[in-house]
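Structural overview for review
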Amino acid sequence: MTLRSTLSALFADAFAAEGVPASYGEVVVSQRPELADFQCNGALAAAKAVDRNPRDLAQSVVDRVDDPSLIADRSIAGPGFINLSVTGQALSSAVQGMADDDRLGVPLAQPPATVVVDYGGPNMSKSLHVGHLRAAVIGESLKRLFRFLGHRTIGDIHLGDWGMPIGQLIVELQDRQPDLPYFDADYDEAADGPYPEESPVTLDDLSEMYPAITARAAADAAVAERARQATFDLQNGRPGYLALWQHFHDVSVSEQRKDFGDLDVEFDVWYGESTVNDRLEPLVSSLLGSGVARESDGAIIVDVAQPDDKKELPPLLLTRSDGSYLYSTTDLATVDMRVDDMSADLMLYVVDVRQGLHFEQVFRAARKAGVAPDDVVLEHVGFGTVNDKHGKPFKTREGGVLRLGDLIDLVTDAAAQRLSEAHIAEQYPQAEQDQIARQVGLAALKFGDLSNHRTSNYVFDLDRFSSFEGKTGPYLQYSAVRIKSILRRAADLGLTGGPVLAPSVPQERALMLRLIRLPDVLARAADLRAPNVIAEFAYDIATDFSRFYESCHILSEEDAQRQASWLTVVDTTLRSLVLLLDLLGIQVPERM
Ligand code: ARG
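Here is a short report on the structure shown in this document. (Residues numbered from 1 in each chain as written. Predicted model: local features only at pLDDT ≥ 70, side-chain atom pairs only at ≥ 80, totals over all residues. Heavy atoms only, no water.)

So, the sheet that holds strand β4 (residues 81-86)
Read from one edge to the other, the open sheet built from four strands follows the order β1-β2-β4-β3, with strand pairing classed as antiparallel. Two strands in the sheet have a free side with no partner beyond their single neighbour: β1 (27-29) and β3 (71-77). Neighbour-to-neighbour, the strand axes of this sheet turn through a mean angle of 30°, independent of strand direction. Two elements, strand β2 (residues 38-40) and β4, share three bridges in a ladder whose sense is antiparallel. Bridge pairing links Gln 39 to Asn 83 in β4. The strands that helix α1 (residues 3-17) touches are β1, β2, β3 and β4; relative to β1, the one it contacts most, it runs at about 145°. (Pairing = 2+ DSSP bridges. Helix = DSSP H or I, 4+ residues; strand = E, 2+ residues; numbered from the N terminus. Axes fitted to C-alpha atoms, helices over the stretch in contact; angles between N-to-C directions. Contact = heavy atoms within 4.5 Å.)

What follows is the structure, given as structure tokens:
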């Protein structure tokens, strides 16, 4: 239980004793830290509900909440706000509680939910580029957060691997290399031997072929028709196409695995649209049978519009008139699979905000079809774009799409340069310096992204992101490394942490008050699906710590008990920072 919840419980009882619903007793962190530590605003609303004077009610409540070990000062401000300051003893025991707990006082979710985080989502046959960055880093952060909070969490990359683009690539390849066995309808694996083991194309080939075929299909209806047919044949199990699909899949995934790995982004499952192929036909037939879906001009659709819609919501398309399945069909079947096979309670789709309409359609269809029972939560966690300084989507200097691997190189180089300018880490072996540059570069990239609210667009500003000053990943990493070095020096002097005492100076008090908010902050970040809440809090801890460290000279302190208490506060600060950075996907080097 946090100090804030202990106070809330006291106030809840006091309100109840006044005959007012206990829920008005909620205590929150003060918005005016110079006046108070916490506040309770319930008296105003409660007074209205029971028709009493708000200041009188606040006074009666305050009179009841008399716990001198916890509360140092209580006062009523304005029309009935209750301001609270806590005792040094309450603070020290709250920080001690964190220090003694390997979860830093953060409770495990009770009961845990099964949470599927759908993120990354690259299409097969495409190299990862800057457009995949946000899905990867936001999704990874949310996955880590929900997992830390004790939920059973499954990160699923959901590859785009079963739609029209694959049919288009098959056609393009056929036109370029018509003699490959994959296109021979009479090819018989039993008689002619298995299809070649080696892929006829590399990922670079595929990346080059894709724009070529989309242009051709747009210009020529016959080409488009062949691509549709190839998609249909693939989805219906034509062996040569399945063999080609496997090649496309393997060349794509091997590079994508490496790129995501370089970002320290790890998926639990590499499922994709194709994973649910066996569910597509039965799902569509059953929806037709139950009347949830209907035929319309040869296609099969689900009407998802509702009478109170402000904007018209088009129906969800389940099959084209040729019987082939679409992005929406595989997404609906994937909801079904996640409910059936994974027992998912919550699905978070970390996908560009521009796909909002698609998800609204899929989610509504899933409800209507009973694919997602009412207690399963489906949520599109949208994000904005990464822009350049002119507000245009971020591109290479030549105007092309920036590959993710190149972006990582870019931030790593910038980090190496910053480190050398600041003379940080230059005394260490080259391999370690390289490793630090990589970690700092990723911190710059990820924090630059995650410190913005996910739905806003942001400007990719390499100079600002990689600076060791200001609200940046490198600053936070450096703060944590500095704390590690303080603790190392203390250990070298034979000093260890001891019981936490009441704070000695306002800077220490401020740091302690900050630290004990950790459980609430993580709960809020999870509720809002908002890693920027974590980023903000990590920054606040780092700045509070640096003020504390300026005013308290830990290593030269003469009062041994005070010194030991400070060391526990320092260690708890470090553990909190390392945890928060880890939840953002950021590593802290041992030394810098
Ligand atoms: N492959 C999709 C795209 O590139 C993103 C997939 C997102 N996840 C999902 N379940 N639809 O736009």
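Remarks on the nonpolar core
The biggest cluster of nonpolar side chains holds 130 residues, and the ones touching the most others in it are Leu 3 and Leu 522. Every residue in contact with Leu 3, bar those within four places of it in the chain, is listed here: Phe 38, Leu 70, Val 86, Ala 90, Leu 91, Ala 94 and Ile 516. Counting 67 residues, the second largest nonpolar core, distinct from the first, contains Val 269, Val 351, Phe 363 and Ala 366. (Core = buried A, V, L, I, M, F, W, Y, C linked by side-chain atoms within 4.5 Å. Buried < 20%, exposed > 50% of the residue type's maximum accessible area, 1.4 Å probe, protein only.)

With respect to the sheet that holds strand β9 (residues 316-319)
The antiparallel open sheet is built from three strands, whose spatial order is β7-β8-β9. Where the open sheet ends on each side, the last strands, each with one partner, are β7 (293-296) and β9. For this sheet, the mean inter-axis angle between neighbouring strands, taken without regard to orientation, is 40°. Where strand β8 (residues 299-302) lies against β9, three bridges are found, and the strand directions are antiparallel. Pairing of Ile 300 across the sheet is with Thr 319, part of β9. Its contacts with the sheet place helix α11 (residues 277-289) against β7, β8 and β9, and it is angled at close to 90° to β7.

Quick notes on the side chain of Thr 572
Its location among the elements puts Thr 572 in helix α21 (residues 560-583). Residue Thr 572 is classed as buried on the basis of its relative accessible area of 1%. In terms of polar contacts, Thr 572 uses its side chain to reach the backbone carbonyl oxygen of Thr 568, at 2.7 Å. With sequence-adjacent residues up to four places away left out, Thr 572 is seen in contact with Met 98, Ala 99, Leu 104 and Leu 515. (Polar contact = N/O pair within 3.5 Å; in protein donor to acceptor, adjacent residues only side chain to side chain.)

Looking at helix α2 (residues 42-50)
Along an α-helix, a turn takes 3.6 residues, which lines up residues three or four apart on a common side. When we look at burial in α2, the residues that qualify are Gly 42, Ala 43, Ala 46 and Ala 47. Projected down its long axis, α2 shows its buried positions confined to an angular sector of 120°, all on one face. Exposed positions of α2 whose direction lies more than 90 degrees from the buried face are Lys 48 and Ala 49. The inward-facing, buried residues of α2 abut α1, β2 and α3 (54-64). Directly after α2, the chain includes Asp 51, whose backbone phi takes a positive value near 60°. (Arc of directions from axis to C-beta.)

Regarding the site of the ligand
Around the ligand sit Asp 118, Gly 121, Asn 123, His 158, Tyr 327, Asp 331, Tyr 349, Val 351, Gln 355 and Phe 359, and that is every residue in its neighbourhood. In this structure, a nitrogen atom belonging to the ligand sits 2.9 Å away from a main-chain N or O atom of Gly 121. Residue Tyr 327 places a side-chain N or O atom 2.7 Å away from a nitrogen atom belonging to the ligand. At the level of secondary structure, the elements contributing two or more residues to the shell around the ligand comprise α12 (327-340) and β10 (346-352). Taken together, the residues of the shell around the ligand sort by class into four nonpolar, four polar and two charged. (Near = heavy atom within 4 Å. Nonpolar A, V, L, I, M, F, W, Y, C, P; charged D, E, K, R; others polar.)

Describing the packing of aromatic side chains
Here the structure, examined in full by the defined rule, presents 19 aromatic pairs. Summarising the aromatic geometry, the rings of Phe 260 and Phe 267 are spaced 5.0 Å apart at their centres and angled 80° between planes, so their arrangement reads as edge-to-face. Where Phe 267 meets Trp 270, the ring centres are 5.5 Å apart and the plane angle is 80°; that geometry is what we call edge-to-face. By the burial criterion, Phe 267 is buried, and Trp 270 matches it. Connected via pairs of aromatic rings, a cluster forms that spans Tyr 119, Phe 260, Phe 267 and Trp 270. Positioned above the aromatic ring of Trp 270, the side-chain terminus of Arg 257 is 4.3 Å from the ring centre. Taking NZ or CZ as reference, Arg 591 lies 3.7 Å from the ring centre of Tyr 428, over its face. (Phe/Tyr/Trp six-rings, centres within 6.5 Å; stacked < 30°, edge-to-face > 60°. Lys NZ or Arg CZ within 6 Å of the ring centre and 35° of its normal.)

Remarks on the side chain of Thr 319
If you trace the backbone, Thr 319 turns up in strand β9. Beyond its immediate stretch of four places on either side in the chain, Thr 319 contacts Val 284, Ala 299, Ile 300, Ser 324, Tyr 325 and Leu 326.

What to know about the packing of helix α6 (residues 164-176) against helix α8 (residues 203-219)
Their axes nearest at 9 Å, the elements α6 and α8 cross at an angle of 95°. When the axes of α6 and α8 are compared, the pair comes out roughly perpendicular. From α6, Pro 165, Gln 168, Leu 169, Val 171, Glu 172, Leu 173, Asp 175 and Arg 176 reach across to α8, where they touch Leu 206, Glu 208, Met 209, Tyr 210, Ala 212, Ile 213, Thr 214, Arg 216 and Ala 217. (Parallel < 35°, antiparallel > 145°, perpendicular 65-115°, else oblique.)

With respect to the environment of Asp 100
Among the structural elements, Asp 100 can be located in the loop between α4 (88-99) and β5 (114-118). Taking C-alpha positions, Asp 100 is 52 Å from Val 304, a pair spaced 204 residues apart along the chain.

Points about the environment of Val 350
Structurally, Val 350 is set in strand β10. Note: C-alpha distance between Val 350 and Ile 138 (212 residues apart in sequence) is 7.3 Å. Beyond its immediate chain neighbours, meaning those up to four positions away, Val 350 contacts Val 117, Asp 118, Tyr 119, Ala 135, Ile 138, Gly 139, Leu 142, Val 381 and Phe 383.

Regarding the pairing of β3
Look at any regular strand and the pattern is simple: side chains alternate between the two faces of the sheet. Where β3 and β4 come together, six bridges link them in antiparallel fashion. Looking at the pairing, Arg 74 lines up with Leu 84 of β4. Adjacent in sequence and paired antiparallel, β3 and β4 are bridged by three residues, among which Gly 78 carries a positive phi angle near 55°.

As for the packing of α4 against helix α18 (residues 506-515)
Where α4 meets α18, the closest approach of the two axes is 10 Å, and the angle between their N-to-C directions is 50°. Classed by the angle they form, the pair α4 and α18 counts as oblique. Between α4 and α18 lies a crossing whose hand is left-handed. In this structure, α4 contributes Leu 91, Ser 92, Val 95 and Met 98 to the contact, and α18 contributes Arg 509, Met 512, Leu 513 and Leu 515. When the residues that make up the contact of α4 with α18 are grouped by side-chain class, the tally is six nonpolar, one polar and one charged. (Left-handed = near helix turned anticlockwise from the far one by under 90°.)

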